[in-house]
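Spelled out, the chains give:
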Amino acid sequence: MRITEYLKNNILYLDGGMGTLLQERGLLPGEYPERWNIIHPDVIVGIHRAYYDAGSNIVCSNTFGANLLKFSSEELEEIISSAMTNARRAAEESCGTQEKWIALDIGPSGRMLKPYGDLDFEDAVALFAETVKLGVKYGADLIYIETMNDSYETKAALLAAKENCDLPVFVSNAYSEDGKLMTGATPAAMVALLEGMGADAIGANCSFGPKALTKVVEEYLEYASVPVLLKPNAGLPKSVGGKTVYDVLPDEFAEDISALLERGVRIAGGCCGTTPEYIKALAEKSRGIIPATTTEKNTTMISSYTHAVEFGKKPVLIGERINPTGKKRFKEALRAGDMDYILREGINQQDCGVEILDVNVGLPEIDEIKMLTEAVYGLQAIIDLPLQIDTSSTVAMEKALRRYNGKAMINSVNGKKESMDEIFPLAKKYGGVIVALTLDESGIPETAEGRVAIAKKILAEAEKYGISKKDIIFDPLTLTVSADGNAARETLRAVRTIKEELGCHTSLGVSNVSFGLPQRDVLNGAFFLLAMENGLSAAIMNPYSIEMMKAYYSYSALLGLDANCAEYIEFVQNMPAAAAGIIPGGNSGATEEQYKSELQKAIVKGLGDQAAQICKELIKTLDPLTIVQEEIIPALNLVGVGFENKTVYLPQLLMSAEAAKSAFEQIKANMSGASADKCYFVIATVKGDIHDIGKNIVKLILENYGFRVVDLGRDVSPEAVVEEVVRLCAPLVGLSALMTTTVPAMEETIAELRRHAPWCKIVVGGAVLTKEYADMIGADKYARDAMETVRYAEQIYGELAK
């Protein structure tokens with residue numbers, strides 16, 4: 001039976017942890033567990049068989065880190081072939097009578113994708129594709145992508161699976177204490193992305209115990225229309241009698257997950273610290289629970305790499321300014337390839353309070369395909385708003401959708417067969433909410449009834465592609481009233497009819513209504529108000545328009561969509577400045593007044609080229625060290641505090657650090673012998689671990705704070721770390737580990753440092769660590785993130801300088 005059929009009427013049980021069990025059986029510090037498929041097949045078969053015997057329906061192959069970054073192509077094939085053979089043998093030998101399947105297990109690459117890291121998106125897709133193809137070749141029943149903490153890497157892995165097999169694909173992500181991924185995505189954002197791309201089941205794994213993941217699971221259940229899975233750790237690791245144990249025992253684990261199965265989770269198992277005993281307890285405890293029906297949620301939403309925007313709760317503002325139509329300066333920027341101008345336009349609109357940015361770079365004389373992809377990539381590097389990709393070129397649309405980090409708006413399709421044949425396959429493959437224009441081969445109907453008829457035709461055609469009406473937003477088209485006095489009325493009737501009769505959302509390009517008339521802002525604001533009253537879901541509008549923003553904030557306050565009228569009050573307080581042109585408009589985001597200078601703003605916003613240029617000019621009148629102390633470091637501190645307070649997320653922190661680095665390069669170029677002036681900080685990912693994302697983040701931030709960072713790379717032996725610390729007499733060392741199987745190598749490294757470099761303070765970090773665990777292995781400091789490492793390094797440096 002195909003697993004997706006079984007899942008319709010049954011709860012699916014996954015297996016539990018692998019790494020901790022291998023350590024118990026002799027896996028050495030730094031040894032790759034995937035190689036045990038070849039050298040110790042009986043051990044792997046025994047663990048898989050124990051999980052099947054305990055009640056698991058799905059066993060994950062021992063291939064979590066099996067990719068071409070760790071192994072040659074020949075060894076990778078042997079590992080995956082052996083892994084599948086071991087799992088199949090375990091299923092055959094098991095005494096369990098339940099249905100059984102084998103999942104090809106795919107974990108993170110260990111590298112961060114550009115622009116925050118050095119791995120290109122397409123290279124990541126190709127990397128995962130090789131693993132997928134081998135899994136299919138050697139008999140996997142499904143693909144399980146797990147423990148991903150970056151939405152972009154998750155997309156790359158899912159795309160690789162979808163393009164290289166027709167097997168079911170399950171995807172689960174690892175969430176931090178704040179209920180978000182390392183790069184900032186909420187569960188709702190991941191639901192939008194993964195469901196849009198066709199994942200068969202989605203959810204959370206690793207991270208913490210079941211109770212700590214309850215809110216994450218609740219958000220999945222609220223938004224997901226596909227089965228939700230949960231594979232948590234057995235709580236957090238702690239030391240008992242010198243041995244590492246987890247703080248959630250099998251009975252409590254089973255009880256907690258069973259409660260979530262009753263609330264709608266359909267697939268469950270365990271991750272770090274769990275054993276066959278945990279799965280057995282879960283299967284027994286949940287026996288008799290009637291599986292909850294997975295229902296269509298009908299939620300229309302798009303997402304960025306941090307959050308989702310839902311349509312229907314209140315009107316959504318889509319900024320229209322990244323569009324060359326009628327904008328001479330914007331056209332000049334496109335011709336000149338001036339990406340900074342586009343990025344600043346995006347930032348200004350974000351500061352005005354828009355929730356989505358429309359991105360249109362179509363000019364006949366430029367390479368639109370290249371420019372659109374670069375614009376989407378550049379905007380997403382520094383702005384966390386979802387984007388509406390706006391182009392008439394199908395090739396440009398696909399290139400941009402493929403690179404987009406999240407679920408985009410697709411602008412647009414229409415009732416022409418050619419248009420639907422081109423756009424619907426792209427939306428089905430990459431996900432997206434499609435803006436559908438109510439026109440066809442006969443043009444734009446004059447009446448609301450004619451436009452609604454085209455909307456019905458578009459819905460019927462979309463259904464053939466498996467695209468739900470929740471993923472279509474109709475644009476009934478705003479025509480100018482100067483040419484037709486009935487135009488606005490018919491558009492408004494179409495908006496209301498589409499909402500009430502078809503149950504669909506609508507969007508309008510509001511400003512078109514006033515074309516050719518004086519004082520256009522006045523008419524635009526009035527029309528916008530009427531459109532919202534008739535049920536308009538979203539507006540592509542000019543956020544710099546005072547009249548439009550007046551209409552929006554007033555409407556929201558009057559209809560109870562603005563709690564305590566807070567947004568309205570903020571808007572009217574800012575309105576005099578906005579009208580005078582001091583800030584772009586009334587806004588709910590940052591204002592110019594938050595930054596002491598243009599350099600600080602450029603750094604905070606992550607505008608590297610602009611930061612370098614401003615710094616270059618400042619050097620002409622200011623002492624370079626003054627610029628560092630009074631401009632660059634305060635800007636970094638502003639972002640750092642935001643990161644610590646969870647108002648700024650990792651991508652923004654990294655882009656700000658890169659912008660500061662660009663400014664520092666100008667300082668160095670104008671100061672003879674200018675360099676990092678603080679103490680040495682040796683940093684490494686421990687033996688056996690190739691995951692260096694966390695290490696690279698820490699390195700970048702430390703360098704911007706003036707520390708002389710010596711990066712030894714990943715998979716570094718204890719001897720190499722000790723040798724470098726002793727050679728430099730370094731007062732600080734940072735060690736990183738992502739996997740439970742490599743923590744012993746971290747402990748060994750610490751022991752060697754204590755023996756040969758007792759003066760050195762040791763900072764440790766990584767997803768599998770806690771403060772208690774760090775204390776147990778002898779570290780001086782457990783740092784949850786890069787900024788905590790910086791704060792500790794500053795403290796130690798301050799003590800040394802006394």
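Preceding this paragraph is the structure being described.
Computed from a predicted structure; not experimentally measured.

*Asks:* Explain helix α11 (residues 276-285) to me, please; I cannot follow it from the model alone.
*Replies:* Each α-helix winds once per 3.6 residues, and so residues spaced three or four apart point in a common direction. Looking at α11, one finds that the buried residues are Pro-276, Tyr-278, Ile-279, Ala-281, Leu-282 and Ala-283. The secondary structure elements touched by the buried residues of α11 are β1 (12-13), α2 (19-24), α4 (41-54), α10 (250-262) and β10 (267-268).

*Asks:* Teacher, can you tell me more about the nonpolar core here?
*Replies:* Where a protein is soluble and globular, its nonpolar side chains tend to be buried together. Within the largest apolar cluster, 225 residues are counted, with the highest numbers of intra-cluster contacts made by Ile-143, Leu-379, Ile-389, Phe-474, Phe-528, Leu-599 and Ile-632. For this core, the element with the highest residue contribution is helix α25 (residues 650-669), accounting for 10 residues. Excluding residues that lie within four positions of it along the chain, Ile-632 makes contacts with Leu-599, Ile-603, Ile-627, Ala-660, Ala-663, Phe-664 and Ile-667. With 29 residues, the next largest nonpolar core counts Val-716, Val-721, Ala-757 and Ala-779 among its residues.

*Asks:* What am I meant to see in the side chain of Gln-380 here?
*Replies:* By the secondary structure assignment, Gln-380 is in helix α14 (residues 368-382). What makes Gln-380 buried here is its relative accessible area of 6%. Excluding anything up to four places from it in sequence, Gln-380 contacts Tyr-116, Ser-304, Tyr-305, Leu-387, Arg-403, Tyr-404 and Asn-405.

*Asks:* How should the sheet that holds strand β19 (residues 505-509) be read in this particular structure?
*Replies:* To summarise the sheet geometry, strands pair through backbone hydrogen bonds and adopt either a parallel or an antiparallel arrangement. Ordered in space as β13-β14-β15-β16-β17-β18-β19-β20, the eight strands form a closed barrel in which the pairing is parallel. Between one strand axis and the next, the sheet turns by 30 degrees as a mean value, whatever way the strands run. Bridge count between strand β18 (residues 472-475) and β19: two bridges; the pairing is parallel. Of the residues in β19, the one forming a bridge with Ile-473 is His-505. Across the sheet, helix α16 (residues 417-430) touches β16 (409-414) and β17 (433-437), and the angle it forms with β16 is around 155 degrees.

*Asks:* Can you walk me through the pattern of salt bridges in this structure?
*Replies:* Charged atoms that come close allow side chains of opposite charge to pair. Tallied over the entire structure, the rule returns 47 salt bridges. Note that Glu-567 and Lys-314 form a salt bridge whose closest N and O atoms lie 3.2 Å from each other. Of this pair, Glu-567 sits in helix α21 (residues 566-579) while Lys-314 sits in the loop between β12 (308-310) and β13 (316-322); the two residues are 253 residues apart in sequence, bridging distant segments of the chain. Among the residues examined, Glu-567 registers a relative accessible area of 30% and is labelled partly exposed. Between Glu-365 and Arg-335 there is a salt bridge whose closest N-O contact spans 2.5 Å. With a gap of 30 residues between them, Glu-365 in the loop between β14 (356-359) and α14 and Arg-335 in helix α12 (residues 328-336) connect regions that are remote in the sequence.

Conventions adopted
Residues numbered from 1 in each chain as written. Predicted model: local features only at pLDDT ≥ 70, side-chain atom pairs only at ≥ 80, totals over all residues. Heavy atoms only, no water. Buried < 20%, exposed > 50% of the residue type's maximum accessible area, 1.4 Å probe, protein only. Helix = DSSP H or I, 4+ residues; strand = E, 2+ residues; numbered from the N terminus. Contact = heavy atoms within 4.5 Å. Core = buried A, V, L, I, M, F, W, Y, C linked by side-chain atoms within 4.5 Å. Pairing = 2+ DSSP bridges. Axes fitted to C-alpha atoms, helices over the stretch in contact; angles between N-to-C directions. Salt bridge = Lys/Arg side-chain N within 4 Å of Asp/Glu carboxyl O.

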